[in-house]
Amino acid sequence: MSGPLPEQAKGEAPSSSGHASGRRVPFSIGSTIAEARERPILEDSTSAPPVGLYVHVPFCASTCDYCAFYQTAPSADDVRRYLTAVAMEAGLVDWPRQLTTVFWGGGTPGLLAAPDLARLAAIVRERAGAAVREWTIELAPSAVTEARLAALREAGVTRISLGVQSFQPALLEALGRRHTRTQILRAYDRLRAAGFASINLDLMFALPGQTEEAWRADVREAVALAPDHLSTYCLTFEEDTRLWLKLADGRVKLDPEFEAKMYLSTWEWLAAAGYQQYEVSNFARPGHACLHNLNTWRMREWIGLGPSAASQYAGWRAANIADLARWADGVGEGRRLTEDRVRLSPELLAEDAVIFGLRMNAGVDLEAWRREAPTAPWGEVEAVLDRLVSEGLARREEARIGLTERGRLVADAVGAEIMGAFAAMPAQS
Ligand SMILES: C[S@@+](CC[C@H](N)C(=O)[O-])C[C@H]1O[C@@H](n2cnc3c(N)ncnc32)[C@H](O)[C@@H]1O
Ligand code: SF4
């Protein structure tokens, strides 16, 4: 894929094992493409196209052993500077139309003190208008306090994504996570008591030392809390993280077969528990799929604020530089310093829409993208898709195509093949 993608989509990079990367789209849990298709949320042809806002809050108390997201341990000065710069950056954006979704990710946005959360919310609200249908914030369990939750409710936040990862002390320790099981349970109770419309729990599997029973226990405990949404991410060994170094040293090992088995078991358990899978790693009760992420996977528009945040709108895709001081200096001088800037073309959007769409249970509407990008190399793409169908990895339902359960297990390899097919495209100027 060319150019940067938003935080929540970054995790779609191929996993080290070649299986579907767990970080961050089922047919064969008995659902057809039509059944799995999201209701036309944000796809209403009578209204303006959706546009999301992603705000990257680059602060964490410490760095987890697996994490490659841009973040730093903040000083009070850093936070002040960050909030001033976000307000200035918002002033530099030519806002295309009313926002439909907001997502604060990180980092750990929930690390900001309650008055700072309120300040950030005020910057967002100035641009958000009445059209916002979902406003998510990522929280770490240790940062869930009543004061912060009150500030978030007051601001209009509707959805909380809680970074649980595991309930088991030994596995949390193996990940370099600082929270405890007790903190997770207390955080969840507080979130429910505060009355947020939707709560997601992030869990991770294929962790060093994790057995199938241990993963099953984590899934069971998460389901027992009855969250509205679950994200189950297969551990990705990101370059230069502590876990990556351990992998390079041979202190931990990859086990692709275990990963594949855990994917399949997870899909079965969560379907039995009433969670509908709508993307390789994402499951929701009816009406709780993450609208912001759907918007990005469908290759619509979003604006990113904050260091390392990606944007895709007004004909461009780019990422802000991943450096708090340089990003803030640039914004102070009236410039948004970006990298990996690419001009959007219908063909580029079609390529990414097919790759990301295949990861979703609803699949992707090929006819619609053929109309959007008539000059894309559809002959090559169709040849790959026909072969996937004949191998039982994909299936078609009228104009839509999506992966089968077996196909989803190798979604990264499928993505690489689709990229290869689009590479037959004449270079864009
Ligand atoms: C950007 S993180 C932010 C969430 C919040 N800071 C926290 O960790 O509590 C969002 C989620 O990505 C997942 N994640 C991050 N790095 C990962 C990796 N290397 N492999 C798999 N999942 C990962 C974790 O489940 C995490 O909760
Ligand atoms: S996983 Fe979350 S808390 Fe841990 S370093 Fe990454 S962003 Fe920070």
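Refer to the structure printed above.
Residues numbered from 1 in each chain as written. Chains lettered and ligands numbered in written order. Predicted model: local features only at pLDDT ≥ 70, side-chain atom pairs only at ≥ 80, totals over all residues.

Asker: Sorry if this is basic, but what is going on with the site of ligand 2 here?
Answerer: The local shell around ligand 2 consists of Cys60, Thr63, Cys64, Cys67, Phe69, Gln71, Gly106, Gly107, Thr108, Ala140 and Gly163. When its residues are assigned to classes, the shell around ligand 2 shows five nonpolar, six polar and no charged. (Near = placed C-beta within 6 Å. Nonpolar A, V, L, I, M, F, W, Y, C, P; charged D, E, K, R; others polar.)

Asker: I keep staring at the environment of leucine 305 and nothing clicks. Help me out?
Answerer: Tracing the backbone through its elements, the reader meets leucine 305 in strand β9 (residues 301–305). Separated by 252 residues in sequence, leucine 305 and leucine 53 place their C-alpha atoms 7.7 Å apart. Apart from the residues within four sequence positions on either side, leucine 305 is in contact with Val55, Val86, Glu89 and Ala90. (Helix = DSSP H or I, 4+ residues; strand = E, 2+ residues; numbered from the N terminus. Contact = placed C-beta atoms within 7 Å.)

Asker: Where do I start with the site of ligand 1 in this structure?
Answerer: The local shell around ligand 1 holds 18 residues, among which Ala140, Gly163, Asp202, Tyr233 and Thr236 are the closest. Secondary structure elements with two or more residues in the shell around ligand 1: β2 (101–106), β4 (159–165) and β5 (198–205). When its residues are assigned to classes, the shell around ligand 1 shows seven nonpolar, seven polar and four charged.

Asker: I would appreciate a short explanation of the environment of glycine 107 in the present structure.
Answerer: Following the sequence through the fold, glycine 107 ends up in the loop between β2 and α4 (114–128). Residue classification places glycine 107 among the buried residues on the basis of 26 C-beta atoms within 10 Å. Taking C-alpha positions, glycine 107 is 8.3 Å from glutamate 138, a pair spaced 31 residues apart along the chain. Residues contacting glycine 107, with those up to four places away along its chain left out, are His56, Val57, Pro58, Phe59, Cys60, Phe69 and Gln71. (Buried ≥ 20, exposed ≤ 12 C-beta atoms within 10 Å, placed from the backbone.)

Asker: What's the story with the sheet that holds strand β14 (residues 394–397) in this structure? I'm lost.
Answerer: Sheet strands pair via backbone hydrogen bonds, and the direction of the pair is either parallel or antiparallel. The three strands lie next to each other as β13-β15-β14, forming an open sheet whose pairing is antiparallel. Where the open sheet ends on each side, the last strands, each with one partner, are β13 (364–365) and β14. Here two bridges tie β13 to strand β15 (residues 400–403), and the two strands are oriented antiparallel to one another. By the bridge assignment for β15, aspartate 365 is matched with arginine 400. (Pairing = 2+ DSSP bridges.)

Asker: In this structure, what is going on with helix α10 (residues 256–272)? I would like to understand it.
Answerer: An ideal rise of 1.5 Å per residue puts 24 Å on 17 residues; α10 measures up with 25 Å between its terminal C-alpha atoms. Within the span of α10, buried status applies to Glu259, Met262, Tyr263, Thr266, Trp267 and Leu270. In a view along the axis of α10, the buried residues occupy a sector of 135°, so they form one face of it. α10 presents Glu257 and Ala272 as exposed residues on the side facing more than 90 degrees away from its buried surface. Those residues of α10 that are buried lie in contact with β5, α8 (212–224), β6 (229–234), β7 (276–279), β8 (282–284) and α16 (405–409). Directly after α10, the chain includes glycine 274, whose backbone phi takes a positive value near 95°. (Expected span 1.5 Å × (residues − 1). Arc of directions from axis to C-beta.)

Asker: What's the story with the environment of leucine 203 in this structure? I'm lost.
Answerer: As for its position among the elements, leucine 203 is in strand β5. Spatially, the C-alpha atoms of leucine 203 and phenylalanine 167 are 9.0 Å apart, while their sequence positions differ by 36 residues. Non-local contacts of leucine 203, meaning those with residues more than four positions away in its chain, are made with Val164, Gln165, Ser166, Asp218, Val219, Ala222, Leu230 and Thr232.

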